Amino acid sequence: MNAVQTNKLIDQIVRFPKMAHQPGSIGYVEKIIIGQLLMISQPKLIIETGTFHGQTTRFLNEFISLNKLGGCQIATFDLPNVINKLTENSSYFKNNTEIELVKGWLPESLKNYLNENQKPVDFAIVDALHTYSAVLKELKTIHPWLKDGGYIFCHDYRENDPNYEGVVYAVDTFAKKFHYDILPLNNSNLNAEEVVWGSALLRKPLKKRQQRLKVIFYQLQVVYSLMANTIKRYIPL
Ligand SMILES: C[S@@+](CC[C@H](N)C(=O)[O-])C[C@H]1O[C@@H](n2cnc3c(N)ncnc32)[C@H](O)[C@@H]1O
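Residues numbered from 1 in each chain as written. Predicted model: local features only at pLDDT ≥ 70, side-chain atom pairs only at ≥ 80, totals over all residues.

1. Examining the overall build of the chain
Across its full length, the chain holds nine helices and seven strands. Across the 237 residues in the chain, those meeting the buried criterion constitute 31%. Across the chain, contacts joining residues at least 24 apart in sequence account for 74% of those joining residues at least 6 apart. (Helix = DSSP H or I, 4+ residues; strand = E, 2+ residues; numbered from the N terminus. Buried ≥ 20, exposed ≤ 12 C-beta atoms within 10 Å, placed from the backbone. Contact = placed C-beta atoms within 7 Å.)

As structure tokens, this is what we get:
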């Protein structure tokens, strides 16, 4: 298979929109990881705390449309002046009604939205105020609404950066209390002079019955592949 054929094959599996980036936004590598998580989650409702210039919001929407994950709502939260500026400067958000720009102070704006909407959350991005108390409150607000096995992408979880100690402590505290799996991304010991990024991925635990079903599913897959390989070896087609 040559490079063009390989690219075509990858393009059939997952498509990425053009990605824009600016300081303060989620970076390219992180967007690629988020894209993979969207493919796994097949979301119907995504929450993003901290809209800023809407670059990640736009990425989410374009990724969903390119990969035909359709029927997904995106609710993104920021302060009124930030949202007003965004809608004044860009017609994209007016034309794409599947994106809801929610104005107000977090976490109250998020609490109100979830209570009014009464829909489960499939995937969340936490990226507003980077203090211990704010991150912990947002995570606790999302928790009861997040589907079992659902993911929360916590931006700026930077273990070696003293400016983000609060984010790390809040995410760790939350994961421990609510028994979430936690995967720090880019958890390297880079020295302070280098430009680093860091995030953490949280996954809500599955119920015992769901866990058992998952184990059975994997066991069946192993049995199936053993059988298929044995048949291939002894019965030439
Ligand atoms: C780091 S930026 C978000 C970046 C965005 N997720 C992206 O990837 O482009 C953080 C945003 O959180 C907003 N924010 C901070 N504290 C907030 C609060 N208490 N309520 C609502 N929004 C807040 C800020 O106005 C800012 O736009």
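There's more to say after this.
2. Looking at the site of the ligand
Near the ligand you find 18 residues, and of these Ser25, Gly50, Phe52, Thr56 and Leu129 are the closest. Within the residue set of the shell around the ligand, elements represented by two or more residues are helix 3 (55-66) and strand 2 (73-78). Within the shell around the ligand, the residues separate by chemical class into nine nonpolar, six polar and three charged. (Near = placed C-beta within 6 Å. Nonpolar A, V, L, I, M, F, W, Y, C, P; charged D, E, K, R; others polar.)

3. Structural notes on the sheet that holds strand 3 (residues 99-103)
On the basis of which strands lie adjacent, the open sheet formed by seven strands has the order 3-2-1-4-5-7-6 and mixed pairing. Bordering the open sheet on either side are strand 3 and strand 6 (181-185), each of which pairs with just one other strand. Along the sheet, successive strands turn relative to each other by an average axial angle of 15°, direction set aside. When strand 5 (residues 146-155) meets strand 7 (residues 199-203), the two strands line up antiparallel, connected through five bridges. In the sheet register, tyrosine 151 faces strand 7, and the bridge partner there is arginine 203. Each of strand 1 (45-49), strand 2, strand 3 and strand 4 (121-126) is contacted by helix 3, which is oriented at about 180° to strand 2, the strand it contacts most. (Pairing = 2+ DSSP bridges. Axes fitted to C-alpha atoms, helices over the stretch in contact; angles between N-to-C directions.)

4. Details of the environment of phenylalanine 174
Take phenylalanine 174: it is sitting in helix 8 (residues 165-178). Residues phenylalanine 174 and lysine 140, spaced 34 residues apart in sequence, show a C-alpha to C-alpha distance of 7.6 Å. When residues no more than four places from it in sequence are discounted, the contact partners of phenylalanine 174 are Leu136, Leu139, Lys140 and Tyr180.

5. Brief notes about the nonpolar core
Grouped together as the largest cluster of nonpolar side chains are 43 residues, with contacts concentrated most on Ala124, Leu139, Ile142, Ile152, Cys154 and Val171. Every residue in contact with leucine 139, bar those within four places of it in the chain, is listed here: Val126, Ile152, Ala170 and Phe174. (Core = buried A, V, L, I, M, F, W, Y, C linked by C-beta atoms within 7 Å.)

6. Quick look at helix 8
Between its terminal C-alpha atoms helix 8 stretches 20 Å, which fits the 20 Å expected from 14 residues at 1.5 Å a residue. The complete set of buried residues in helix 8 reads Val167, Val168, Ala170, Val171 and Phe174. Along helix 8, the residues classed as buried sweep out an arc of 165° about the axis, all on the same side. Among the exposed residues of helix 8, those pointing more than 90 degrees away from its buried face are Lys176 and Lys177. Against helix 7 (132-142), strand 5, strand 6 and strand 7 lie the buried residues of helix 8. Where helix 8 ends, the next residue or the one after it, histidine 179, has phi of about 60°, a positive value. (Expected span 1.5 Å × (residues − 1). Arc of directions from axis to C-beta.)

7. Points about the packing of helix 7 against helix 8
Direction vectors running N to C along helix 7 and helix 8 enclose 35°, while the axes themselves pass 8 Å from each other. The handedness of the crossing between helix 7 and helix 8 comes out as right-handed. Packed against helix 7, whose contacting residues are Tyr132, Val135, Leu136, Leu139 and Lys140, the element helix 8 presents Gly166, Val167, Tyr169, Ala170, Val171, Thr173 and Phe174 at the interface. For the contact of helix 7 with helix 8, the class distribution of residues is nine nonpolar, two polar and one charged. (Left-handed = near helix turned anticlockwise from the far one by under 90°.)

8. Examining unusual backbone geometry
Omega for the peptide link from leucine 106 to proline 107 comes to 5°, which places this bond in the cis form. Tracing the backbone shows proline 107 in the loop between strand 3 and helix 6 (108-117). The phi dihedral of glutamine 118 falls on the positive side, at around 55°, and the residue is not glycine. Taking the number of C-beta atoms within 10 Å as the measure of exposure, glutamine 118 has 7 and is therefore exposed. Phi is positive for histidine 179, which is not a glycine, with a value near 60°.

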